Amino acid sequence: MIIPIRTLEAIALQAGQIVKEARKSGPGWVSEKARNDFVTQTDKACEALIKEELGHLFPAIPMLAEEGSGNATGKEPVFFCVDPLDGTNNFVHGVPLFCVSIGLVENGRPTRGVVFDPVHDELYSAIEGHGATMNGHPIAASGRKHLDGAFVATGFPFVQMTRLDLYMAGFRRIVSITGGIRRCGSAALDLCWTASGRFDGFWELGLKPWDMAAGSVILREAGGAAGDLEGGDGFLFGGDIVAGATNELYDELRQLVRPAK
């Protein structure tokens, strides 16, 4: 079955409109699923809309989603992978960095992705083998090959605190080489901003599939590289991802991160 990317874009824009309205009126109720892990009425509303639209248009394809309303396990040959509001902690605190993320995974590999940033009205999308765009215009990663002076992003562990010391060991190695590190709080946007050349690389440990599915295919189609700490393709369910503007930077970054696993 062919999944039109324009259809996924339209659904992401609809969900993004919910987020825009909620920025004006407030997020509604806020609940803490686990320590430092929030869900809001807006997350739920966006996920409900996406589920309804995808279910109506593509009833044979299950959905794996952050807030648990989908019916996929992640073992299916084809499934949608959805984060209705990536960066909920930012959203709750009024930090304008969050997005809607919709990916399609086929045989364990993300093949289509759409990420919409409703604050800056930036819509990223990609189909495997067809390049990546932002608001319809082609994008490309920076092309930087080495970490020396690179501008990179990361995400600090906020749930798996048992890995904090190991993470910080890798952080120390990287901060001493690069030209700057940012922690934005949305892995999907970090991947898209690496795809568009704003960042040269990104790494984070302990993520979920919906954090990475759409952004990873967008980055790869922009000429960048994304993989796990071993140089393989197991990040989606392994949870640890390293991304780079080039294969060379990806390899250099993961060698520094790898001991932190």
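Residues numbered from 1 in each chain as written. Predicted model: local features only at pLDDT ≥ 70, side-chain atom pairs only at ≥ 80, totals over all residues. Heavy atoms only, no water.

1. Concerning helix 2 (residues 41-57)
Right, on to step 1. Taking 1.5 Å per residue as the helical rise, helix 2 with its 17 residues ought to reach 24 Å, and the 25 Å between its terminal C-alpha atoms agrees with that figure.
Right, on to step 2. Three or more residues of helix 2 are buried, namely T42, D43, C46, E47, L49, I50 and L54. Axial view of helix 2: buried residues confined to an arc of 160°, hence all on one face. For helix 2, the exposed residues set more than 90 degrees away from the buried face come down to E52 and H56.
Right, on to step 3. Here the buried face of helix 2 lies against helix 1 (5-25), strand 2 (37-40), strand 3 (63-65), strand 4 (78-86), helix 3 (88-92) and strand 5 (99-106).
Right, on to step 4. The backbone nitrogen of T42 has a side-chain oxygen 3.1 Å away, supplied by the residue at the start of helix 2, namely T40. (Helix = DSSP H or I, 4+ residues; strand = E, 2+ residues; numbered from the N terminus. Expected span 1.5 Å × (residues − 1). Buried < 20%, exposed > 50% of the residue type's maximum accessible area, 1.4 Å probe, protein only. Arc of directions from axis to C-beta. Contact = heavy atoms within 4.5 Å. Polar contact = N/O pair within 3.5 Å; in protein donor to acceptor, adjacent residues only side chain to side chain.)

2. Regarding the nonpolar core
Right, on to step 1. With 38 residues, the main nonpolar core has V115, Y124, I139, W193, I218 and I241 as its most contacted residues.
Right, on to step 2. Contributions of two or more residues to this core are made by strand 4, strand 5, strand 7 (122-127), strand 8 (132-134), helix 5 (187-195), helix 6 (209-221), helix 7 (235-238) and strand 14 (241-244).
Right, on to step 3. Those residues in contact with W193, other than ones at most four positions away along the chain, are L97, E122, Y124, C184, R198 and F199.
Right, on to step 4. Among the nonpolar cores identified, the runner-up in size contains 27 residues, and L8, A22, C46 and L49 belong to it. (Core = buried A, V, L, I, M, F, W, Y, C linked by side-chain atoms within 4.5 Å.)

3. A few points about the environment of A140
Right, on to step 1. Considering the arrangement of structural elements, one finds A140 in the loop between strand 9 (137-138) and strand 10 (151-155).
Right, on to step 2. Of the residues examined, A140 reaches a relative accessible area of 47% and is grouped as partly exposed.
Right, on to step 3. Taking the C-alpha atoms as reference, A140 lies 32 Å from A22; in sequence the two are 118 residues apart.
Right, on to step 4. Residues within four places of A140 in sequence aside, it is in contact with A195, S196, G197 and A222.

4. Here's the deal with the pattern of salt bridges
Any two side chains of opposite charge can pair, so long as their charged atoms come close to each other.
Right, on to step 1. Using the criterion set out here, one finds 10 salt bridges in the structure.
Right, on to step 2. The partner of E122 in a salt bridge is R198, with the nearest N and O atoms 2.8 Å apart. A residue pair is termed long-range when its members are at least 10 positions apart, and E122 in strand 7 and R198 in the loop between helix 5 and strand 12 (201-204) qualify at 76 residues.
Right, on to step 3. For E122, a relative accessible area of 11% corresponds to the buried category.
Right, on to step 4. A relative accessible area of 37% means that R198 is categorised as partly exposed. (Salt bridge = Lys/Arg side-chain N within 4 Å of Asp/Glu carboxyl O.)

5. Considering the pairing of strand 12
Right, on to step 1. Side chains G201 and W203 project from strand 12 onto one buried face, and the interleaved F202 and E204 project onto a second face that is buried too.
Right, on to step 2. Inspection of the sheet shows strand 10 paired to strand 12 by 4 bridges, in the parallel sense. Residue V152 lies in a different strand from strand 12, and its bridge partner there is G201.
Right, on to step 3. Note that strand 12 and strand 14 share 4 bridges and pair antiparallel. (Pairing = 2+ DSSP bridges.)

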